[in-house]
Amino acid sequence: MADYSFREIEKKWQKHWKDTNLYQVAVNSDKPKYYVLDMFPYPSGSGLHVGHPLGYIASDIVARFKRLKGFNVLHPMGFDSFGLPAEQHAIKTGQHPAVSTEQNISRFIEQLSSLGFSYDWSKEVRTSDPSFYKWTQWIFLKLYENGLAYEADTMINWCPNDKAVLANEEVKNGCCERCGNPVTRRKLRQWVLKITEYANRLLDDLDQLDWPESIKLSQRNWIGKSKGAEIEFQIKGSEKKLKIYTTRPDTIFGATYMVLAPEHDLVQEITTQETTEEVNSYIDQASLKSDLERTELDKSKTGVFTGGYAVNPVSGKEIPIWISDYVLISYGTGAIMAVPGGDERDFEFAKKFNLPIIQVVSSNGEIEKDGEPYTGHGIIINSNEYNGLDSREFQSLIIERLERESKGKGAVNYKLRDWIFSRQRYWGEPIPIVHCDKCGTVPVPEDQLPLVLPEVESYLPTEDGQSPLANATDWVNTSCPKCEGPAKRETNTMPQWAGSCWYYLRYLDNQNSEAFVDPAKENYWMNVDFYIGGAEHAVLHLLYARFWHKFLFDHGHVSTNEPFQKLVNQGMIQGRSSFAYRVKGENKFVSHGLKDKYQVSTLHVDISLVKNDILDIEAFRNSRADVSDATFELEDGVYKCGWEVEKMSKGKYNVVNPDDLIGRYGADTLRMYEMFLGPIEASKPWNTNGIEGVFKFLRKFWALFHPQGDFAVADTEPTQEELKQLHTVIKKVEDDVEKLSLNTSVSTFMIAVNELAALKCNKKAILEPLTITLAPFAPHICEEIWQQLGNSSSVFLANYPMYEERHLKEDTFEYPVSINGKMRVKLHFALDAERSEIESEVLANTVVQKWLDGKPAKKVIIVPKKIVNVVA
């Protein structure tokens, strides 16, 4: 085979790997293990774009490299096929989720295989497979048995567009993280998981992990540990008390009013008849806002007086009780003592509603003259017998007093809330609970798992928040496992995060029908040595998975306290988007240079219709019905589009299909080019300008073995320069892979191949180990060459070559020789050459003699390992 026929080569080796099960692994106590894991994809779209494989390529390089280093490598792949993304795609296409999910998975597998990834497909899992979710349900039942799963009527985040409940972590800037539409609040019966029981361990154990600091910081902030006090305020005219949490009990004498969250249970009880109508109206308004909108610092404060009063447990003063949406039911106790002299939000509220402001902490023992709240620590004032104390000292004293008088206690609080676990959707794991009027909530017996998702006439979400499963009456109506009387099945399903909480464990033993994982296999493979995925999962999947894993560890089901020892977040490959400018209120588009003349909105344009920023107008008209009869105002006779670099997505029409690039350049080229774009953790714009260079590199590498077109390598001894090039690559690539600096590895390969080509090197002693080092990056071409070198087994069954320092040690130095300050020639001398030897050889050199023109040298200046200068 004379030419580098990448299409033929890649198909050949992909088939060979599949037919021989090369990457299939099992427990092998004679080898050290290495578990490489990708965050598995949602099969919700119609395929991958070039941004998706970035992390997969990096993990595949690591997996292949570790195999070469003698590790028993587990590198599995599966699909997060339950949940909202898959269901929304099914609704969009009009297909049942099971049908569309299966089609999408087949497409994903086809594309992943075309990139030559070394996955052990025998370990594949799908979260929507009953054999998988049987064990998701089993884990839920274990949580339930241990009091960590409970039902509650809960204020939830509701996305009216998706008709779905969202966890707090799924709401971004008051909008649904997935669809971008505003989120509202409503009360629904929900299953909740008590993740707060693990808050302290989830926080403290972050220190054990080799994770990006930004991810650990996100989890620390989300858990939000704080120290303070719980204080009880007696409600005037009632036996009930109002419990609040504060981080600043030292400011209690400055509490001039109380604020409850509108959802607080005591609101209706303390509201007087005169204020009922106004209070209820405010509660309705607050329910339409997200937590983020309610707590924005720059928003105008709103609130209503309930008519009720509480008694300050230390000063004895009566203070009014208000409700306001800046207090959240989900934080602390859903109530605060408001100290406007020491808190900016309380200060703004008090100013607006003309409430008293008392400063109780001062920087110097006097009232602050600027009239603003003093939020720091300092000297206590306006606090009776405690005046003059340091505020930190007073914190301890006031907590001791409150505890002594049974009016409060020191407390630790967390921002982290329990995880709202149920969803009113069809495409998810059925929750294995039965509701019986006599027995209450009863778990489905383990021997009846999996509780399989039934067929329904309509799987579309409902407007009233009921799950579509509620209409499957034959499935819903059942008998109680405890009393055998009539009962109803739980109709909510689990969220899309349920399966991903433990999928990494099922890879280890995916055919086991008796347990979710064999203990011996779990003990051998866990924990995950290398985990790669997006930073967007910092407080979703990663936090939830750690919670479930710690629970399983506590109950003896797994052997490690944490699931993922090392985490890497790959950056994002961004696309170049083009857009047209539509005049508002008209079906007219104006060219980029004319947009400032009009009020315009932007409309994304398919990048295939744009060349050099100029739009093919007719193709654009034919591409979408809403612009078929649009008019276009041109400049210089053409329509010029605007552009920006942003996240690749089908909605922005800026997706680049990897299939096209593989067809044109090959998978090995695409793999190396994506690594060459920059550091794996960095986001970078997609640009195909450099892909030709990578393709050229692989052809040049091929040419080292085929100098005249046919395969020809020599068994002759390599030169020192050739050995230097080889061992530079061996060392640099090993160091780079260990620290995931894969872009610099590609550069190293390019330099070495250029140097070896210049040396006309076709020596087996150099090229065979070079092939091994390149194989993790470009596996297809290296397998082909490895076979041509006479090897009968795969290159990935070889050993990574040993680096030898001696080949990089220089024993000579090339001196630039100058005559009267001008460099005229370069000469090599041994590093240990005597000065007299260097001088005599320089003066005897014909080039030097030519420039001396028969005149004797006045002086020869030698700077060791730098320069020789002859003064004539």
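Just so it is clear, the model here is predicted, and its values are computed rather than measured.

Thresholds applied
Residues numbered from 1 in each chain as written. Predicted model: local features only at pLDDT ≥ 70, side-chain atom pairs only at ≥ 80, totals over all residues. Heavy atoms only, no water. Helix = DSSP H or I, 4+ residues; strand = E, 2+ residues; numbered from the N terminus. Expected span 1.5 Å × (residues − 1). Buried < 20%, exposed > 50% of the residue type's maximum accessible area, 1.4 Å probe, protein only. Patch = residues over 30% accessible without salt bridge, like charges linked within 9 Å, V, L, I, M, F, W, Y side chains within 5 Å. Areas by Shrake-Rupley, 256 points an atom, 1.4 Å probe, with all protein chains shown as cover. Salt bridge = Lys/Arg side-chain N within 4 Å of Asp/Glu carboxyl O. Lys, Arg positive; Asp, Glu negative; His and termini not counted. Charge placed at Lys NZ, Arg CZ, Asp CG, Glu CD. Contact = heavy atoms within 4.5 Å. Polar contact = N/O pair within 3.5 Å; in protein donor to acceptor, adjacent residues only side chain to side chain. Disulfide = S-S within 2.5 Å. Pairing = 2+ DSSP bridges. Axes fitted to C-alpha atoms, helices over the stretch in contact; angles between N-to-C directions. Parallel < 35°, antiparallel > 145°, perpendicular 65-115°, else oblique. Nonpolar A, V, L, I, M, F, W, Y, C, P; charged D, E, K, R; others polar.

**Q** Would you mind going over helix H17 (residues 541–554) with me for this structure?
**A** Residues three or four positions apart in an α-helix share a direction because the helix packs 3.6 residues into each turn. Between its first and last C-alpha atoms H17 spans 20 Å; for 14 residues at 1.5 Å apiece the expected length is 20 Å, and the two agree. By the criterion of burial, H17 is predominantly enclosed, with twelve of the 14 residues buried. Phi turns positive, to about 80°, at Gly 556, one or two residues after H17.

**Q** Mind showing me how you'd approach a negative patch on the surface here?
**A** Taken together, the side chains of Asp 811, Asp 832, Glu 834, Glu 837 and Glu 841 make up a negatively charged region of the molecular surface. Given the relative accessible area of 66%, Asp 832 is considered exposed.

**Q** Where do I start with the environment of Arg 835 in this structure?
**A** Among the secondary structure elements, Arg 835 is positioned in helix H26 (residues 835–844). C-alpha of Arg 835 to C-alpha of Ile 861: the two residues are 26 residues apart in sequence and 9.7 Å apart in space. Apart from the residues lying within four places of it in its own chain, the contact partners of Arg 835 are Ile 862 and Pro 864. Of the polar contacts made by the side chain of Arg 835, one reaches the backbone oxygen of Ile 862; its length is 3.1 Å.

**Q** Sorry if this is basic, but what is going on with the state of the cysteines here?
**A** Two cysteines form a disulfide when their sulfur atoms are joined by a covalent bond. Evaluated as defined, the whole model comprises zero disulfides. Here Cys 436 stays free of any disulfide, with the sulfur of Cys 483 as its closest cysteine sulfur at 3.7 Å.

**Q** Sorry, what's going on with the pairing of strand S19 (residues 440–443) here?
**A** Walk down a regular strand and you will see the side chains alternate between the two sheet faces. Bridging between strand S18 (residues 433–436) and S19 involves four bridges; their strand directions are antiparallel. Paired with His 435 across the two strands is Thr 441, which belongs to S19. Joining the antiparallel neighbours S18 and S19 is a turn of three residues.

**Q** Which parts of the structure should I look at to understand the packing of helix H1 (residues 6–20) against helix H25 (residues 779–788)?
**A** How two helices sit against one another is set out by the angle between their axes and by the gap between those axes. Between H1 and H25, the shortest axis-to-axis distance is 9 Å and the interhelical angle comes to 85°. What the angle tells us is that H1 and H25 run roughly perpendicular. Each of Ile 9, Glu 10, Lys 12, Trp 13, Gln 14 and Trp 17 in H1 lies in contact with H25, whose residues at this interface are Pro 779, His 780, Ile 781, Glu 783, Glu 784 and Gln 787. In terms of residue class, the contact of H1 with H25 is made up of five nonpolar, three polar and four charged.

**Q** Which parts of the structure should I look at to understand a nonpolar patch on the surface?
**A** A contiguous nonpolar surface patch, about 190 Å² in accessible area, is contributed by Ile 861, Val 863 and Ile 867. On the basis of relative accessibility, which here comes to 35%, the residue Val 863 falls in the partly exposed class.

**Q** Can you walk me through the pattern of salt bridges in this structure?
**A** Between side chains of opposite charge, pairing is possible as soon as their charged atoms come close. Tallying each qualifying case throughout the model produces 44 salt bridges. Salt-bridge contacts for Lys 550 lead to Asp 205; the nearest nitrogen and oxygen are separated by 2.4 Å. Of the two residues, Lys 550 is situated in helix H17 and Asp 205 in the loop between helix H6 (199–204) and helix H7 (213–223); the sequence distance between them amounts to 345 residues. Each member of the pair Lys 550 and Asp 205 is classed as buried. Lys 640 serves as the salt-bridge partner of Asp 636, at 3.6 Å between the closest nitrogen and oxygen. Among the charged side chains, a network of salt bridges with common partners joins Asp 205, Arg 546, Lys 550 and Glu 562.

**Q** How should I be thinking about the sheet that holds strand S23 (residues 567–569) in this particular structure?
**A** Consider a sheet: its strands pair through backbone hydrogen bonds, and that pairing is either parallel or antiparallel. In space, the four strands of this open sheet follow the order S2-S1-S22-S23, with parallel pairing throughout. Two strands bound the open sheet, and with one partner strand each, they are strand S2 (72–74) and S23. In this sheet, neighbouring strand axes are inclined to one another by 20° on average, regardless of whether the strands run parallel or antiparallel. Direction of pairing for strand S22 (residues 530–533) relative to S23: parallel, over a ladder of three bridges. By the bridge assignment, Tyr 531 is partnered in S23 with Leu 567.

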